[in-house]
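Summary of structural features
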Amino acid sequence: MLSNSVKEALNNQIKLEGDSSNGYLAMAVWAEINGFEGVANFLYEHSEEERMHMLKLVKFINERNGEAIVPQFEKPKNNFSSLNELFEAVLAHEIKVSENINNIVELTLNEKDYATHNFLQWYVSEQIEEERLCRLILEKLDLIGSDKGGLYLFDRDIQSLHTKLAK
Ligand code: OFO
């Protein structure tokens with residue numbers, strides 16, 4: 001059984017994961033119409049993953065006698081001046097998500113809710129990976145600067161960065 005405070009915190013996290021999914025979807029659209037097909041595919045996939053993070057929370061809350069609330073989501077930003085700006089926004093968002101997850105982890109310890117604490121460990125590891133991937137992408141983009149050939153190769157190879165890190 002979930003306490004009201006844990007239930008509320010998990011429901012807030014549903015909104016954040018849904019906002020992530022929509023945010024990355026809007027970024028994917030921007031990338032696609034600006035000729036970055038590889039980045040677009042990467043972001044479409046990332047958007048799906050965030051939806052899965054949201055659904056995991058929905059199921060968990062319902063299974064533990066709570067009620068998952070489907071919230072109203074934010075309208076995502078859909079215009080960027082560069083890939084750098086876009087991935088800076090991804091990193092800032094992921095840092096916020098990590099902070100939120102950490103706060104809920106702390107709450108579950110205070111409430112002695114070890115089942116939710118255990119459930120959240122998956123998110124803790126996931127956030128480490130997501131932040132690492134974003135930082136790696138930004139490092140690559142910094143190296144490339146405004147070199148068009150470099151950006152072309154980056155767009156072609158971004159998917160393999162993801163796969164390489166997952167190993
Ligand atoms: Fe990338 O945020 Fe989900 O967990």
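To start, this report covers the structure provided alongside it. Everything numeric here is computed off the predicted structure, so don't read it as measured data.

**Section: the pattern of salt bridges**
Inspection of the entire model under this criterion finds seven salt bridges. Here Glu-129 and Arg-132 are joined by a salt bridge, their closest N and O atoms 3.3 Å apart. Remark: Arg-132 and Glu-129 occur in helix α4 (residues 114-144); sequence separation between them is three residues, near one turn of the helix. Counted as one network, the salt bridges with shared partners bring together Lys-15, Asp-19 and Glu-74.

**Section: the packing of aromatic side chains**
Applying the stated criterion across every chain, the model contains seven aromatic pairs. Judged by centre distance (6.2 Å) and plane angle (25°), the rings of Trp-30 and Phe-36 are stacked. Each of the two residues, Trp-30 as well as Phe-36, counts as buried. Aromatic side chains Trp-30 and Phe-80 sit 5.8 Å apart centroid to centroid with 75° between the ring planes, which places their arrangement in the edge-to-face category. You can see Trp-30 sitting in helix α1 (residues 4-33) and its partner Phe-80 sitting in the loop between α2 (37-63) and α3 (83-110), a full 50 residues away along the chain. In this structure an aromatic cluster arises from ring pairing among Phe-60, Phe-119, Trp-122 and Tyr-123.

**Focus on the environment of Glu-111**
As for its position among the elements, Glu-111 is in the loop between α3 and α4. Between the alpha carbons of Glu-111 and Leu-43 there is a distance of 36 Å; along the sequence they are 68 residues apart. For Glu-111, the residues in contact, after removing those within four places along its chain, are Ser-3, Ser-5 and Val-6.

**Description of the side chain of Ser-21**
Structurally, the position occupied by Ser-21 is in helix α1. The class of Ser-21 is buried, set by a relative accessible area of 8%. Beyond its immediate stretch of four places on either side in the chain, Ser-21 contacts Ser-47, Glu-50 and Arg-51.

**Focus on the nonpolar core**
Ranked by size, the top nonpolar core spans 25 residues in total, and within it Val-39, Leu-43, Leu-83, Leu-86, Phe-87, Ile-137 and Phe-154 carry the most contacts. Ranked by residues supplied to this core, first place goes to α4 with six residues. Apart from the residues within four sequence positions on either side, Leu-83 is in contact with Trp-30, Phe-36, Val-39, Leu-141, Leu-151 and Phe-154. Ranked by size, the runner-up nonpolar core spans 19 residues in total, among them Leu-2, Ile-14, Val-58 and Tyr-123.

**Structural notes on the packing of α2 against α4**
Here α2 crosses α4 at 165°, and the two axes come no closer than 12 Å. Judged by the inter-axis angle, α2 sits roughly antiparallel to α4. Judged by the sense of rotation from one axis to the other, the crossing of α2 with α4 is left-handed. Between α2, through Phe-42, His-46, Glu-49, Glu-50, Met-52, His-53, Lys-56, Leu-57 and Phe-60, and α4, the contact on the second element is made entirely by Ala-115, Thr-116, Phe-119, Trp-122, Tyr-123, Glu-126, Glu-130, Leu-133 and Ile-137. In terms of residue class, the contact of α2 with α4 is built from ten nonpolar, three polar and five charged.

Conventions adopted
- Residues numbered from 1 in each chain as written.
- Predicted model: local features only at pLDDT ≥ 70, side-chain atom pairs only at ≥ 80, totals over all residues.
- Heavy atoms only, no water.
- Salt bridge = Lys/Arg side-chain N within 4 Å of Asp/Glu carboxyl O.
- Helix = DSSP H or I, 4+ residues; strand = E, 2+ residues; numbered from the N terminus.
- Phe/Tyr/Trp six-rings, centres within 6.5 Å; stacked < 30°, edge-to-face > 60°.
- Buried < 20%, exposed > 50% of the residue type's maximum accessible area, 1.4 Å probe, protein only.
- Contact = heavy atoms within 4.5 Å.
- Core = buried A, V, L, I, M, F, W, Y, C linked by side-chain atoms within 4.5 Å.
- Axes fitted to C-alpha atoms, helices over the stretch in contact; angles between N-to-C directions.
- Parallel < 35°, antiparallel > 145°, perpendicular 65-115°, else oblique.
- Left-handed = near helix turned anticlockwise from the far one by under 90°.
- Nonpolar A, V, L, I, M, F, W, Y, C, P; charged D, E, K, R; others polar.

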